[in-house]
Amino acid sequence: MQNYKKFLLAAAVSMAFSATAMAETLKMGIEAAYPPFNNKDASGNVVGFDKDIGDALCAKMKVEKCEVYVSDWDGIIPALNAKKFDFLVSSLSITDERKQAVDFTDPYYSNKLQFIAPKATADFKPDADYLKGKVIGAQRATLAGTYLEDKLPDTEAKLYDTQENAYLDLTSGRLDGILADKYVQYEWLKSKDGSAYEFKGDPVVESDKIGIAVRKGDPLRERLNKALAEIKADGTYKKINDKYFPFSIE
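Each value, and the rule that gives it
- Residues numbered from 1 in each chain as written.
- Predicted model: local features only at pLDDT ≥ 70, side-chain atom pairs only at ≥ 80, totals over all residues.
- Heavy atoms only, no water.
- Helix = DSSP H or I, 4+ residues; strand = E, 2+ residues; numbered from the N terminus.
- Buried < 20%, exposed > 50% of the residue type's maximum accessible area, 1.4 Å probe, protein only.
- Contact = heavy atoms within 4.5 Å.
- Areas by Shrake-Rupley, 256 points an atom, 1.4 Å probe, with all protein chains shown as cover.
- Lys, Arg positive; Asp, Glu negative; His and termini not counted.
- Charge placed at Lys NZ, Arg CZ, Asp CG, Glu CD.
- pLDDT = per-residue confidence, 0-100.
- Axes fitted to C-alpha atoms, helices over the stretch in contact; angles between N-to-C directions.
- Parallel < 35°, antiparallel > 145°, perpendicular 65-115°, else oblique.
- Nonpolar A, V, L, I, M, F, W, Y, C, P; charged D, E, K, R; others polar.
- Pairing = 2+ DSSP bridges.
- Left-handed = near helix turned anticlockwise from the far one by under 90°.
- Salt bridge = Lys/Arg side-chain N within 4 Å of Asp/Glu carboxyl O.

(A) The overall build of the chain, seen in detail. Within the chain one finds 10 helices and 11 strands. Overall, the C-alpha framework of the chain stretches about 90 × 35 × 30 Å when taken along its three principal axes. Put simply, the chain has 250 residues, and 45% of those count as buried. Intrachain contacts of the chain at a sequence separation of at least 6 include 68% that bridge at least 24 residues. Of the roughly 12,800 Å² of accessible surface on the chain, 52% is carried by carbon and sulfur atoms. If the 35 positive side-chain charges of the chain are averaged to one point and the 39 negative ones to another, these points end up 6 Å apart.

Here's what the structure looks like:
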């Protein structure tokens, strides 16, 4: 009888543990101001490529509930490390500097940095001589912002809290151009506001690898990597890609 009771107790503990595991909730951190990768729809819901990827990864990991935590870009890595969310899927470039603060998954897409400027500025050239004294916008704490400051010291770099605010200054005539991720610019150029602007020259950075960030040493990184490989293998990733772009960004 004692052995039978021990068996029942062990079974109950096992079932409770399994139920807890199945009821796992994860929070994803997203800026929600960087369309088409992440933004809010008319109802205030977070949408975009990053959100869809995060949801697909949670589904593969069999997470019961995957919540979204919106954070301003400037504080998004500190928010992750303060445990306000569990992983950060917000088009974050993998850089050596950021690797000191967080761990990254394998890249989930690749980007390029490219200038845009008014179509009427036919002589615009993405080189140091032409850009000397020009006012060029970029989002703060991004690879584009770092490029302007490090590679083009004679250019007046104007940095913004969001990409959308950079576009507002461009259309208001306060900027000569913008440097940003090509695929974000591609989306904006299709809009009514962006119709008078175009890409200028070739990309100045060809391979900007984008990863999902987790806290240092967090085993969630390996689970995310496994799930990422699975959504690429089963066609889920391609469906998400094709929803936003007529070409592969992998």
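(B) Geometry of the confidence of the model for the chain. In the predicted model, the chain carries a mean pLDDT of 93, and the fraction of residues at 70 or more is 91%. A low-confidence stretch, residues 4-13 stays under pLDDT 50, and its non-local contacts, those more than four residues away or across chains, total 0 contacts.

(C) Summary view of the packing of helix H2 (residues 49-60) against helix H9 (residues 220-233). At a closest axis distance of 9 Å, the pairing of H2 and H9 adopts a crossing angle of 105°. Our classification of the angle between H2 and H9 gives roughly perpendicular. Across the interface between the two elements, Ile53, Ala56, Leu57 and Lys60 of H2 pack against Leu224, Ala227, Leu228, Glu230 and Ile231 of H9. Here the residues of the contact of H2 with H9 are counted per class, giving 7 nonpolar, no polar and 2 charged.

(D) Region of interest: the pairing of strand E10 (residues 177-181). Extensive coverage of E10 is indicated by the burial of 5 of its 5 residues. Judged from the 4 bridges that link them, strand E7 (residues 109-118) and E10 form a sheet pairing that is antiparallel. Counted as the bridge partner of Ile116 is Ile178 from E10. Strand direction decides the pairing type here: strand E8 (residues 135-139) and E10, joined by 2 bridges, are parallel.

(E) How the structure looks around the packing of helix H7 (residues 163-171) against helix H8 (residues 182-189). Taken N-terminus to C-terminus, the directions of H7 and H8 make an angle of 50°; their axes are 12 Å apart at the nearest point. One finds that H7 runs oblique with respect to H8. H7 and H8 meet at a crossing whose hand is right-handed. Where H7 abuts H8, its residues Gln163, Tyr167, Leu170 and Thr171 lie against Val184, Gln185 and Trp188. Looking at the contact of H7 with H8 residue by residue, the classes come out as 4 nonpolar, 3 polar and no charged.

(F) Looking closely at the pattern of salt bridges. A full pass over the atoms with the stated rule returns 17 salt bridges. One salt bridge connects Asp74 with Arg140, and the closest N-O pair in it is separated by 3.0 Å. Of the two residues, Asp74 is situated in the loop between strand E4 (65-70) and helix H3 (76-81) and Arg140 in the loop between E8 and helix H6 (143-151); the sequence distance between them amounts to 66 residues. The class of Asp74 is partly exposed, set by a relative accessible area of 42%. According to the relative accessible area criterion, Arg140 is partly exposed, its value standing at 32%. In this structure, the salt-bridge partner of Glu198 is Lys200, at a minimum N-O distance of 2.7 Å. For Lys200, a relative accessible area of 4% puts it in the buried group. Shared partners join several salt bridges into a network, and the residues in it are Lys158, Asp169 and Arg174.

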